[in-house]
Amino acid sequence: MPFQEQLLDALASVPSWLATVVLSALPVSELRGAIPVAIGIYGIDPLDAYFLAIIGNLLPVIPLLLFLEPVSAYLRQFRIGEVFFSWLFTRTRKKHSKKMERYGNLALTLFVAIPLPVTGAWTGCAAAFVFGVKFRPALTAITAGVLISGIIVTIVTLAGMGAIDLLI
């Protein structure tokens, strides 16, 4: 059974609003997966699905922003941790530092806002950590990105269902 089916089966015993929050908090689905499931499977009102998914997607952001640095520092005590984080920082900064320098926190917001695989709040927190973005600006940029992404996913979901008139 595919992972997605296993996850939905596991969430079948909880209220649909809670399942939506949980799905949007997970790094594998975030709100990109939670909103279509909430609207299409659970039959949740699109506006309610949007807000539930936003809440869930933002739940891990504060702990991630606060604890990525201490966890990284701890793991760097070990050779494999030092090798991994050195590789990650060097590679990421080499590929994306010009965009961060040019666009600053707007780049982080847009990165989180675009609802594609490997973008979103979880990866946005990692990017903020790698580029040394301070807590408040990172939280603001990621929150803005999540809000924008939620709007995009909700509209695309409704358009895909032929139900865009539900929003109007």
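To be clear, the structure that these remarks concern was listed above.
Please read these numbers as outputs of a predicted model, since none were measured by experiment. Sequence order sets the numbering: in each chain, residues are counted from 1 along the sequence as written. Totals for whole chains, interfaces and linings use every residue, but because this is a predicted model, local features are given only for residues with pLDDT of at least 70 and side-chain atom pairs only at 80 or more, for both listing and counting. As a convention, hydrogens and water are excluded, and side-chain values are obtained from all of the structure's heavy atoms.

A.B. asks: Report on the packing of helix H8 (residues 121-130) against helix H9 (residues 135-160), specifying residues and quantitative values.
C.D. replies: Lines fitted to C-alpha atoms define the axes, with helix axes restricted to the stretch in contact, and inter-axis angles between N-to-C directions lie between 0 and 180 degrees. Here a strand is any run of E in DSSP of at least two residues, a helix any run of H or I of at least four, and the numbering for each starts at the N terminus. Their axes nearest at 10 Å, the elements H8 and H9 cross at an angle of 155 degrees. By the criterion of interaxial angle, the relationship of H8 to H9 is roughly antiparallel. Judged by the twist between their axes, the crossing of H8 over H9 is right-handed. Touching Ala121, Gly124, Cys125 and Ala128 of H8 are Ala138, Ile142 and Val146, all from H9. Across the contact of H8 with H9, the residue classes tally to six nonpolar, one polar and no charged. Here roughly perpendicular refers to angles of 65 to 115 degrees, roughly parallel to angles under 35, roughly antiparallel to angles over 145, and oblique to all remaining angles. By the definition used in this description, the sense in which the near helix is turned from the far one sets the handedness, with an anticlockwise turn below a right angle giving left-handed and a clockwise turn giving right-handed. Note on contacts: a residue pair is in contact if any heavy atoms of the two residues lie within 4.5 Å. Gly counts as polar in this scheme, as do all residues outside two lists: the nonpolar Ala, Val, Leu, Ile, Met, Phe, Trp, Tyr, Cys and Pro, and the charged Asp, Glu, Lys and Arg.

A.B. asks: So, the packing of aromatic side chains: which residues are in play, and what are the values?
C.D. replies: Pairs were defined over the aromatic rings of Phe, Tyr and Trp, the Trp ring being its six-membered one, requiring ring centres within 6.5 Å. Orientation was assigned from the angle between planes: stacked under 30 degrees, edge-to-face over 60, tilted for the rest. As enumerated under the stated definition, the model contains three aromatic pairs in all. With centroids separated by 5.5 Å and ring planes inclined at 75 degrees, the aromatic side chains of Tyr74 and Phe78 adopt a geometry described as edge-to-face. The partly exposed category is assigned to Tyr74, whose relative accessible area is 47%. Judged by relative accessible area, Phe78 falls into the partly exposed class, the value being 41%. A ring pair is formed by Phe84 and Trp87, whose centres lie 6.0 Å apart and whose planes are at 40 degrees; its orientation type is tilted. Of the two residues, Phe84 and Trp87 both sit in helix H6 (residues 79-103), three residues apart, roughly one turn of that helix. Under the scheme applied here, a residue whose accessible area is under 20% of the maximum for its type counts as buried, over 50% as exposed, and between as partly exposed, the area being computed with a 1.4 Å probe on protein chains only.

A.B. asks: Describe the environment of Phe78, listing the residues and the values that go with them.
C.D. replies: On the secondary structure map, Phe78 appears in the loop between helix H5 (61-75) and H6. Each C-alpha atom, one on Phe78 and one on Leu26, is 28 Å from the other, the two residues being 52 residues apart in sequence.

A.B. asks: Before we move on, can you summarise H8 with the specific residues and values?
C.D. replies: In terms of burial, H8 is largely enclosed, as seven of its 10 residues are buried. Buried within H8 are the following residues: Ala121, Gly124, Cys125, Ala127, Ala128, Phe129 and Val130. Gly132 sits one or two positions beyond H8 and adopts a positive phi of about 70 degrees.

A.B. asks: Which residues make up the side chain of Ser29, and what values do they have?
C.D. replies: On the secondary structure map, Ser29 appears in the loop between helix H2 (16-25) and helix H3 (30-40). Two N or O atoms count as a polar contact when they lie within 3.5 Å, although within protein this holds only if one can serve as hydrogen donor and the other as acceptor, and sequence-adjacent residues are included solely when both atoms are side-chain atoms. A polar contact is formed between the side chain of Ser29 and the backbone oxygen of Leu23, at a distance of 2.4 Å. Sequence-distant contacts of Ser29, defined by excluding residues within four places in its chain, comprise Leu23 and Ser24.

A.B. asks: Residue-level account of a nonpolar patch on the surface, with values.
C.D. replies: A contiguous nonpolar surface patch, about 870 Å² in accessible area, is contributed by Ile62, Leu66, Phe67, Val71, Tyr74, Leu75, Phe78, Ile80 and Phe135. Per element, the largest residue contribution to the nonpolar patch is six residues, and it comes from H5. Every patch collects residues that have over 30% relative accessible area and no salt bridge, joining them within 9 Å if they carry like charges and within 5 Å if they are nonpolar side chains (Val, Leu, Ile, Met, Phe, Trp, Tyr). Surface accessibility in these figures is a Shrake-Rupley result with a 1.4 Å probe; residues are shielded only by whichever protein chains are displayed. The working definition used for a salt bridge is a side-chain nitrogen of Lys or Arg within 4 Å of a carboxyl oxygen of Asp or Glu.

A.B. asks: Can you lay out the pattern of salt bridges for me, pointing to particular residues and giving the numbers?
C.D. replies: Evaluation of the coordinates by the stated rule reveals one salt bridge. Of the charged contacts in the structure, one is a salt bridge between Glu82 and Arg76, with a shortest N-O distance of 3.3 Å. For Glu82, a relative accessible area of 31% translates into the label partly exposed.

A.B. asks: Now, about the packing of H2 against H3: what can you tell me, with residues and values included?
C.D. replies: Any two packed helices are characterised by how steeply their axes cross, that is the angle between the axes, and by the distance between the axes. At a minimum axis separation of 7 Å, H2 and H3 run at an interaxial angle of 155 degrees. In terms of orientation, H2 and H3 fall into the roughly antiparallel class. When the axes of H2 and H3 are compared, the crossing they make is right-handed. Here Thr20, Leu23 and Ser24 of H2 come into contact with H3, specifically with Glu30, Leu31, Ala34, Val37 and Ala38. Of the residues contributing to the contact of H2 with H3, the split by class is five nonpolar, two polar and one charged.

Structural measurements only, silent on function.
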